[in-house]
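# A closer look at the structure
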Amino acid sequence: MLIATKTVPPERIRVAIEHGCFLRAENRVQEVIGKADALRDLTSEQHFIGHLQTNKINHLLRHVTTIQSVDSFRLAEAINKRTEAPIDVFLQVNTSREESKFGVSPEKAIALLNQMRELENLRVKGLMTIGKLFATGETARRCFELLARIQEMAQDAGHEEVRELSMGMTPDFVEAIAEGATIVRIGTAIFGKRPTPEGFFWREMDRP
Ligand SMILES: *Cc1c(COP(=O)(O)O)cnc(C)c1O
């Protein structure tokens, strides 16, 4: 499990880490940077799960071990060029096909993995999806099933490195686990409801 810590102040993230949550993730570069000093002394792994603009890559790289939201060759290339050491990445797939969401389309995922082979500083670890927002049950499950199928296809195409499936959030983690999630990303169920309207994160992740 990964704790999704957007809007959560460092003091509360600290408590979660001290109680055994090792993996944590932010959606916005500013939040990663803003909380870095306060949490530096703790042993934990910081991932990035939000939409990433190429002009912010340099600021992010020093603080994260993994970027889960790579969804274009352009972004992959930019990370590859800027990172000083090899970095772990996940390919984000838009399994719900909602326009409000980022992610490569399911049909283009394998082609993108093939292209990314030439980028020697990126270590592809797995796939990530948000799935259909606020969905549960069958609807949620279909998105996760699709991600698992893309993983299978990727492995059949020689991408054995695609081992992780990062899928499932507070409303739908049960379905995600049933479909083979290796990482669920949980915010609300641990920290409570966020003060910021959800639209802020889901439709306007680009906002500076
Ligand atoms: C906020 C967020 C989560 C966690 O969502 P909750 O419903 O609060 O558990 C997971 N993944 C991403 C990409 C997020 O932005």
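Residues numbered from 1 in each chain as written. Predicted model: local features only at pLDDT ≥ 70, side-chain atom pairs only at ≥ 80, totals over all residues. Heavy atoms only, no water.

## Here's the deal with the packing of helix α1 (residues 10–18) against helix α2 (residues 29–39)
Keep this limit in mind: The axes are straight lines fitted to the C-alpha atoms, using for helices just the contacting stretch, and the angles between their N-to-C directions are given from 0 to 180°. Helix and strand assignments follow DSSP, with helices taken as H or I runs no shorter than four residues and strands as E runs no shorter than two, numbered in order from the N terminus. Here is the rule for angles: anything less than 35 degrees is roughly parallel, anything more than 145 is roughly antiparallel, 65 through 115 is roughly perpendicular, and the remaining ranges are oblique. Two helices that cross are described as forming a left-handed crossing if the nearer one is turned anticlockwise from the farther one by less than a right angle, and a right-handed crossing if clockwise. Between two residues, a contact is recorded if the distance between any of their heavy atoms is within 4.5 Å. Amino acids outside the nonpolar list (Ala, Val, Leu, Ile, Met, Phe, Trp, Tyr, Cys, Pro) and the charged list (Asp, Glu, Lys, Arg) are all regarded as polar, and Gly is one of them.
Running from N to C, α1 and α2 cross one another at 60°; their axes reach a closest spacing of 10 Å. Classified by the interaxial angle, the pair formed by α1 and α2 is oblique. The chirality of how α1 crosses α2 is right-handed. Side by side, α1 and α2 meet where P10, I13 and R14 of the first sit next to K35, A38 and L39 of the second. Of the residues that constitute the contact of α1 with α2, the class distribution is 4 nonpolar, no polar and 2 charged.

## Points about α1
Test applied: Think of it in three bands: residues with accessible area under 20% of the maximum for their type are buried, residues over 50% are exposed, and the middle band is partly exposed, with areas taken using a 1.4 Å probe on protein chains only. The directions from the helix axis to the C-beta atoms are what the arc is built from.
Among the residues making up α1, those that are buried are P10, I13, A16 and I17. Mapping the buried residues of α1 onto a view down its axis gives an arc of 115°, with all of them on the same face. Seen from the buried face of α1, the exposed residues on the opposite side, beyond 90 degrees, are E11 and E18. Count one or two residues on from α1 and you reach G20, which has phi positive near 110°.

## Topic: the site of the ligand
Operational definition: Note on definitions. A residue lies near a molecule or strand when any single heavy atom of the residue is within 4 Å of it. For the purposes of these results, a polar contact is taken to be a pair of N or O atoms within 3.5 Å, where, inside protein, one atom must be able to donate a hydrogen and its partner to accept one; residues adjacent in sequence count only when each atom of the pair is a side-chain atom.
Residues in close proximity to the ligand total 13 residues, the closest being K6, N27, T170, G187 and T188. Take K6: an N or O atom from its side chain is 2.6 Å from an oxygen atom of the ligand. Taken together, the residues of the shell around the ligand break down into 6 nonpolar, 4 polar and 3 charged.

## A short note on the layout of surface pockets
For clarity, the threshold we go by: Cavity and pocket criteria rest on a 1 Å grid covering protein atoms alone: a 1.4 Å probe that fits but cannot get out defines a cavity, protein on both sides within 12 Å along at least 5 of 7 lines defines an open pocket, and an atom within 4 Å of a point defines a lining residue. Grid points are joined across faces, edges and corners, and a volume is the space filled by probe spheres set on the points.
By volume, the second largest pocket amounts to about 170 Å³. Lining the second largest pocket are R24, V32, A36, L39, R40, L42, S44, E45, Q46, H63 and T65. Looking at the lining of the second largest pocket, the elements that each hand over two or more residues are α2 and β3 (45–48). A total of 3 residues in the lining of the second largest pocket trace back to one element, the largest contributor, which is α2. Of the residues assigned to the lining of the second largest pocket, the class counts are 4 nonpolar, 4 polar and 3 charged.

## Details of the pairing of strand β2 (residues 23–26)
Going by this rule: In short, DSSP must find at least two bridges between two strands for them to pair. The handedness rule is simple: strands pointing away from the viewer, and a clockwise path from the first strand over the helix to the second, make the crossover right-handed.
The alternating pattern of β2 places L23 and A25 and R24 and E26 on opposite faces, both of which are buried. Across 3 bridges, the pairing between strand β1 (residues 2–4) and β2 is parallel. For A4, the partnering residue across the bridge sits in β2 and is A25. Regarding the hand of the β-α-β motif, the stretch spanning β1, α1 and β2 is right-handed. Pairing between β2 and β3: 4 bridges, direction parallel. Bridged to R24 within β3 is Q46. In terms of handedness, the path from β2 via α2 over to β3 forms a crossover that is right-handed.

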